[in-house]
Amino acid sequence: MNELSFAVPLWVWAAVTVGIGVMLAVDLIAHRDNHVIGFREAALWSGLWIAIGLGFGLILLAWQGGEASSTYYAGYLIEKALSIDNVFVFALVFSFFAVPDAYQHKVLFWGVLGALAARLVFIFIGAELLQVFFWTAYLFGAFLIWTGWKMAVSKDEEVHPDRNPVVRLVKKLIPTDPKFHGDKFFIRVSGKRVATLLFVVLVAVEATDLIFAVDSVAAVLAITTNTFIVWTANAFAVLGLRSLYFCLAGLLRRFTYLHYGLAVLLAFAGVKLILSETPVGKLPIPLTLGVIAVTITVSIAWSLIATRGEGGDRGEADDVTGTERDDTASRSQPHHPEGRPS
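Residues numbered from 1 in each chain as written. Predicted model: local features only at pLDDT ≥ 70, side-chain atom pairs only at ≥ 80, totals over all residues. Heavy atoms only, no water.

Describe the packing of helix H3 (residues 66-96) against helix H7 (residues 197-221), with residues and values.
Where H3 meets H7, the closest approach of the two axes is 10 Å, and the angle between their N-to-C directions is 160 degrees. Relative to H7, H3 is oriented roughly antiparallel. Note on packing geometry: the crossing formed by H3 with H7 is right-handed. Counted together, Gly 75, Ile 78, Glu 79, Leu 82, Asp 85, Asn 86, Val 89, Phe 90, Val 93 and Phe 94 of H3 and Val 201, Ala 204, Val 205, Thr 208, Asp 209, Phe 212, Ser 216, Ala 219 and Val 220 of H7 form the full contact between these two elements. (Axes fitted to C-alpha atoms, helices over the stretch in contact; angles between N-to-C directions. Helix = DSSP H or I, 4+ residues; strand = E, 2+ residues; numbered from the N terminus. Parallel < 35°, antiparallel > 145°, perpendicular 65-115°, else oblique. Left-handed = near helix turned anticlockwise from the far one by under 90°. Contact = heavy atoms within 4.5 Å.)

Rendered as structure tokens:
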């Protein structure tokens, strides 16, 4: 594989990791009171995370030059776009389990920690496989194309978080109270430690994100196998996932055609990865950036134009003005174990 390569000192890895830890700590402290996050606050935090992510690309530009910077931006953009699909699933999980708004940020915070750890493992394993066994590019590429196809044709299939095998296993292995107890993941009942429903929600979020981690890491590895760039592109995109959720939660139903754009990006990444091991070779980064930017822009614009007459309902208007979401009542309705809320 024709690959971008440069030496990254251990202290740089340590500095970036510590920096990410500090940013997570700042975010946790800022929301330690479990207040309901409105659109305005979420938009400000999202803007901050995006600015940090874009700023890191400028650091790479000054340190390693334009190719490293543009490669990072390509990975960051595709990961940021795919993270929007994470938001759809998080909204479904929170709605299914009727999670109070005030506790959703805590679940997402710990969910992001797990997501970062999983991505770091997948990145090193995937990059090593691609560098040692050239034929794994065909396997990863085919997987991405298949995932894109599934995303395009299966978007309306019912998803049942409580049927997730990991969630069911946790319920079997750990005594679980079927209720929320504030923001606690565990409580003591008759001297025994018992998991709360909020912990089950966290497991559901982590389990679904593992699937997204495989897709997104593979998509960025299709752009580059430079582990430092893949890791930082994933990390800075995922850091803003919590704020992105609260920013977009009330607008998700307007992104009707976004999944087609994400499907195209996954399929494109798969084709790009396969071509890298053929005489065609690695596609130019400017072309990759262009395809990603155009696909995201067209799919979002298409969605917003197609649903422009549906934005006037009170639930969405409240979310845009930063007040409590109008769908809180619907999330507090009883839910059936066989499916989504009625």
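Next comes the rest of the write-up.
Run through the pattern of salt bridges, naming residues and quoting values.
A complete count under the given rule lists two salt bridges for this structure. Of the charged contacts, one joins Glu 79 and Arg 119 as a salt bridge, the two residues approaching to 3.4 Å between their closest N and O atoms. Separated by 40 residues along the polypeptide, Glu 79 in helix H3 and Arg 119 in helix H4 (residues 101-132) bring together distant segments of the chain. Each of the two residues, Glu 79 as well as Arg 119, counts as buried. Between Lys 106 and Asp 183 there is a salt bridge, and its shortest N-O distance comes to 3.7 Å. Of this pair, Lys 106 sits in helix H4 while Asp 183 is found in the loop between helix H6 (165-173) and strand S1 (186-189), placing the two residues 77 residues apart along the sequence. (Salt bridge = Lys/Arg side-chain N within 4 Å of Asp/Glu carboxyl O. Buried < 20%, exposed > 50% of the residue type's maximum accessible area, 1.4 Å probe, protein only.)

Outline the environment of Gly 141, listing residues and values.
By the element assignment, Gly 141 lies in helix H5 (residues 136-153). A sequence separation of 77 residues divides Gly 141 from Ala 218, and the C-alpha atoms of the two residues are 8.3 Å apart.

Just give me the short version of the packing of aromatic side chains, but keep the residues and values in it.
Scanning the model with the defined rule gives 19 aromatic pairs in all. With a centroid separation of 5.2 Å and 90 degrees between ring planes, the pair formed by Phe 109 and Trp 110 is classed as edge-to-face. By relative accessible area, Phe 109 is classed as buried at 4%. For Trp 110, a relative accessible area of 37% puts it in the partly exposed group. (Phe/Tyr/Trp six-rings, centres within 6.5 Å; stacked < 30°, edge-to-face > 60°.)

Can you explain the environment of Phe 180? Please cite residues and give values.
Relative to the elements of secondary structure, Phe 180 occurs in the loop between H6 and S1. What makes Phe 180 partly exposed here is its relative accessible area of 23%. Sequence spacing of Phe 180 and Val 99 is 81 residues, and the spatial spacing of their C-alpha atoms is 8.2 Å. Every residue in contact with Phe 180, bar those within four places of it in the chain, is listed here: Phe 97, Ala 98, Val 99, Pro 100, Leu 197, Leu 198 and Val 201.

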